[in-house]
Structure formats: structure tokens, C-alpha cells
Amino acid sequence: MPPTPSAAWKYFTRSSDKKSATCNLCGVNLTYIQAGTTSNLLNHISNKHPSSASSNDAGNSKKQSSMSSFLSTPKKVCFRK
């Protein structure tokens, strides 16, 4: 199954050489490698245009938790008797 396109492409237009992308909201040109990730594009949207992006668009809902937050968060444990 092919990967799902990133939400970043709602806000960016790829350059013809596929090495950069231009923000449709402010015109900033950011480096993007076709085989890479869109994290820098999503970070731009969430940091520079927070009112334009919902938490799902900016990738926050799928963002992996840090190990420190995982370890410091109390978990409910059930043991069967």
C-alpha cells in the first residue's frame, strides 16, 4: 500500500526540482528532499501559522512522545490474581 501524503502539502507547493517547497501562506522557501520527511514543513506551519493549522494538520496528533514524558507519566497497572 502506498504511503499517505503528508498534511504539509495542503500548505506547500513543491518546486519543480523537488529539492524545496514554498509555503502557500507566506511564500517562504524551505528545503525538502523528495525521499526525506516533511517534518520541517510541518514545523514551519505549526510555528509560523498556528491559527491556520489544526493539531492534526501539523502532525501533533501522530507525534511520538519523548521517552522522558513516557517514563514520568504514571501508568495504571492491573495485576490478575
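Residues numbered from 1 in each chain as written. Predicted model: local features only at pLDDT ≥ 70, side-chain atom pairs only at ≥ 80, totals over all residues. Heavy atoms only, no water.

- Per an unreviewed UniProt entry, the chain goes by the name BED-type domain-containing protein and belongs to Dreissena polymorpha.

### Some points on the packing of aromatic side chains
For any pair of aromatic rings, geometry is given as the distance between the ring centres together with the angle between the planes.
Consideration 1: Applying the stated criterion across every chain yields a total of 0 aromatic pairs.
Consideration 2: One cation-aromatic arrangement involves R14 over W9; the distance from NZ or CZ to the ring centre is 4.0 Å. (Phe/Tyr/Trp six-rings, centres within 6.5 Å; stacked < 30°, edge-to-face > 60°. Lys NZ or Arg CZ within 6 Å of the ring centre and 35° of its normal.)

### Remarks on the pairing of strand β2 (residues 20–23)
Consideration 1: For strand β1 (residues 12–14) and β2, the ladder comprises 3 bridges, and the chain directions are antiparallel. Within the sheet, the bridge partner assigned to F12 lies in β2 and is C23.
Consideration 2: Counted along the chain from β2 to the antiparallel partner strand β3 (residues 29–31), the turn is 5 residues long, and its residue G27 has a positive phi close to 85°. (Pairing = 2+ DSSP bridges. Helix = DSSP H or I, 4+ residues; strand = E, 2+ residues; numbered from the N terminus.)

### What to know about the sheet that holds β2
Consideration 1: Spatially, the 3 strands line up as an open sheet ordered β1-β2-β3, and their pairing is antiparallel. Two strands close off the open sheet at either side, each with one partner strand: β1 and β3. Going across the sheet, the axis of each strand differs from the next one's by a mean of 30°, ignoring polarity.
Consideration 2: Note that β2 and β3 share 3 bridges and pair antiparallel. (Axes fitted to C-alpha atoms, helices over the stretch in contact; angles between N-to-C directions.)

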